[in-house]
Amino acid sequence: IEEIEKRAEAMCIQERLYREGKLQKRTNHCDTKVNNMMFDADTDKVLCVIDLDTVMPGFVLSDIGDFIRTGANTGAEDDENLDNVNVNMDIFKAYTRGYMETAKAFLSPLEISLLPYGGRLLTYMQTVRFLTDYINGDTYYKIKYPEHNLVRTKAQFKLLQSAEAAIPKMKAYIKECLSK
């Protein structure tokens with residue numbers, strides 16, 4: 001809990017920038033986890049995004065962040081073996097490359113610079129949500145066993161730590177994408 005609380009202020013950057021008029025809201029999916037994408041069975045290419053009831057004004061950091069949280073995680077969301085949980089930089093690069101092909105034309109330089117923060121932010125938020133549900137008696141998320149939300153909390157926190165360690169690599173890759 002102490003480690004989560006240490007990060008709370010840093011996780012408010014997007015809201016603070018929005019209030020200062022430096023960051024805008026855009027139409028976003030707001031739930032871009034991997035299981036909300038349909039893939040072609042033969043080519044593994046994304047066919048479309050589903051679950052559109054979550055589309056609303058939001059920050060691009062949320063959309064890229066939720067994909068990074070779910071798609072670039074080398075482990076399961078509820079992996080008990082924390083050695084399995086890390087950010088897969090190859091998936092981060094592939095997603096970012098595809099995203100930036102279109103998005104760099106309309107994103108502000110500030111939004112682009114904050115894209116790695118999005119992965120940390122959504123992972124942090126999910127860590128807090130799982131921990132809160134565990135503390136509150138598991139009333140929101142379905143669980144398979146009594147400690148399930150605590151296991152999820154630990155796995156998400158490990159992913160957050162991995163994302164924090166990968167920030168220099170993420171920023172370097174985004175800079176590379178911009179130069180092409």
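Structure: above.
Residues numbered from 1 in each chain as written. Predicted model: local features only at pLDDT ≥ 70, side-chain atom pairs only at ≥ 80, totals over all residues. Heavy atoms only, no water.

Enquirer: Describe the packing of aromatic side chains, listing the residues and the values that go with them.
Expert: Within this structure, the stated rule accounts for five aromatic pairs. A ring pair is formed by Phe67 and Tyr95, whose centres lie 3.9 Å apart and whose planes are at 10°; its orientation type is stacked. Within this pair, whereas Phe67 is found in helix H3 (residues 60-71), its partner Tyr95 is found in helix H4 (residues 89-103), the two being separated by 28 residues in sequence. Among the residues examined, Phe67 registers a relative accessible area of 9% and is labelled buried. In this structure an aromatic cluster arises from ring pairing among Phe67, Tyr95 and Tyr99. Directly above the ring of Tyr18 sits Lys25, whose terminal nitrogen or CZ lies 5.0 Å from the centroid. (Phe/Tyr/Trp six-rings, centres within 6.5 Å; stacked < 30°, edge-to-face > 60°. Helix = DSSP H or I, 4+ residues; strand = E, 2+ residues; numbered from the N terminus. Buried < 20%, exposed > 50% of the residue type's maximum accessible area, 1.4 Å probe, protein only. Lys NZ or Arg CZ within 6 Å of the ring centre and 35° of its normal.)

Enquirer: Which residues make up the pattern of salt bridges, and what are the values?
Expert: Scanning the model with the defined rule gives eight salt bridges in all. Linking Arg7 and Glu3 is a salt bridge whose minimum nitrogen-to-oxygen distance equals 3.0 Å. Judged by its relative accessible area of 14%, Arg7 is buried. Note that Arg7 and Glu164 form a salt bridge whose closest N and O atoms lie 2.6 Å from each other. One end of the pair, Arg7, is in the loop between helix H1 (2-6) and helix H2 (13-19); the other, Glu164, is in helix H6 (residues 148-179), and 157 residues separate them in sequence. Under the relative-accessibility criterion, Glu164 is labelled partly exposed at 25%. Through salt bridges with shared partners, one network takes in Glu3, Lys6, Arg7 and Glu164. (Salt bridge = Lys/Arg side-chain N within 4 Å of Asp/Glu carboxyl O.)

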